[in-house]
Amino acid sequence: MSGAPAACALCGRALGRRIEWHHVLPKSRGGRETVPLHPICHRAIHASATNAELARLYPTLEALRERDDIRRFVAWIADKPPDFHAPTRKRS
């Protein structure tokens, strides 16, 4: 029996009580692989890129982490506790 995942696939922090599963390649684009994320990290991904952009421009988490807004988000969230949450703003 495997235990719960230990770390968020986007920010690398320990996971808290709530875990959301993100399709690296959007399910609507045929993706099957999922990774564990904090809810705030999941919302940050979808606030910054559409499914079409995720599929075309950011098909890996490594590519996604290179986006300036995601890089700034990961730096900002780094010292927050695992269950931290704040409103997520949509990109303009």
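Look up a bit, the structure's there.
Residues numbered from 1 in each chain as written. Predicted model: local features only at pLDDT ≥ 70, side-chain atom pairs only at ≥ 80, totals over all residues. Heavy atoms only, no water.

### Brief notes about the packing of helix H1 (residues 39-48) against helix H4 (residues 68-77)
For the pair H1 and H4, interaxial distance at closest approach is 10 Å and the crossing angle is 160 degrees. With respect to H4, the axis of H1 lies roughly antiparallel. The handedness of the crossing between H1 and H4 is right-handed. Of H4, the residues touching H1 (which contributes Ile40, Cys41, Ala44, Ile45 and Ser48) are Asp69, Ile70, Phe73, Trp76 and Ile77. (Axes fitted to C-alpha atoms, helices over the stretch in contact; angles between N-to-C directions. Helix = DSSP H or I, 4+ residues; strand = E, 2+ residues; numbered from the N terminus. Parallel < 35°, antiparallel > 145°, perpendicular 65-115°, else oblique. Left-handed = near helix turned anticlockwise from the far one by under 90°. Contact = heavy atoms within 4.5 Å.)

### Notes on the environment of Glu20
Looking at the secondary structure, you find Glu20 in strand S1 (residues 20-23). Given the relative accessible area of 13%, Glu20 is considered buried. On a C-alpha basis, the gap between Glu20 and Arg43 in space is 9.8 Å, while along the polypeptide they are 23 residues apart. Non-local contacts of Glu20, meaning those with residues more than four positions away in its chain, are made with Val35, Pro36, Leu37, Pro39, His42 and Arg43. Separated by 2.8 Å, the side chains of Glu20 and His42 make a polar contact. (Buried < 20%, exposed > 50% of the residue type's maximum accessible area, 1.4 Å probe, protein only. Polar contact = N/O pair within 3.5 Å; in protein donor to acceptor, adjacent residues only side chain to side chain.)

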